[in-house]
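# Topology and contacts: notes
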Amino acid sequence: MTFDVQKKINEGLLNLFTKVCQSFKVVEDEGFKNVVKLLNLAYKLPNHHTISKVHIPALHEKSLNETKELITNES
């Protein structure tokens, strides 16, 4: 699996948590893991610690930077 495909799937997973308010721990559920494997065997599902300690902070930082840029451009 390419880095770009992995990144795109991770972004979709983050949308599940941020827009649908699903618990990060869903990635530890065997049923969820099985569905993900059926959809794409090559995808490496991150654990809930990686989601909460790496992916969510990175998404927050990206959103913060985009907001700052919008404010700067509005001025």
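As shown above, the structure is provided for reference.
Residues numbered from 1 in each chain as written. Predicted model: local features only at pLDDT ≥ 70, side-chain atom pairs only at ≥ 80, totals over all residues. Heavy atoms only, no water.

### As for the nonpolar core
Leu13, Leu14, Phe17, Val26, Val27, Phe32, Val36, Tyr43 and Ile51 form the largest nonpolar core, which has nine residues in total. Only helix H1 (3-19) and helix H2 (30-39) provide two or more residues apiece to this core. Beyond its immediate stretch of four places on either side in the chain, Phe17 contacts Gln22, Ser23, Phe24, Val26, Val27 and Ile51. (Core = buried A, V, L, I, M, F, W, Y, C linked by side-chain atoms within 4.5 Å. Buried < 20%, exposed > 50% of the residue type's maximum accessible area, 1.4 Å probe, protein only. Helix = DSSP H or I, 4+ residues; strand = E, 2+ residues; numbered from the N terminus. Contact = heavy atoms within 4.5 Å.)

### So, the pattern of salt bridges
Across all of its chains, the model carries one salt bridge by this definition. In this structure, Glu30 and Lys33 form a salt bridge, with 3.5 Å as the shortest nitrogen-oxygen distance. Of this pair, Glu30 and Lys33 both sit in helix H2, three residues apart, which is roughly one turn of that helix. (Salt bridge = Lys/Arg side-chain N within 4 Å of Asp/Glu carboxyl O.)

### Some points on the environment of Ile51
Mapped onto the fold, Ile51 is located in helix H3 (residues 48-74). You can call Ile51 buried: its relative accessible area is 1%. For the pair Ile51 and Glu11, spaced 40 residues apart in sequence, the C-alpha to C-alpha distance is 11 Å. The residues contacting Ile51, other than those within four sequence positions of it, are Leu13, Leu14, Phe17, Phe24, Val27, Pro46, Ile56 and Pro57.

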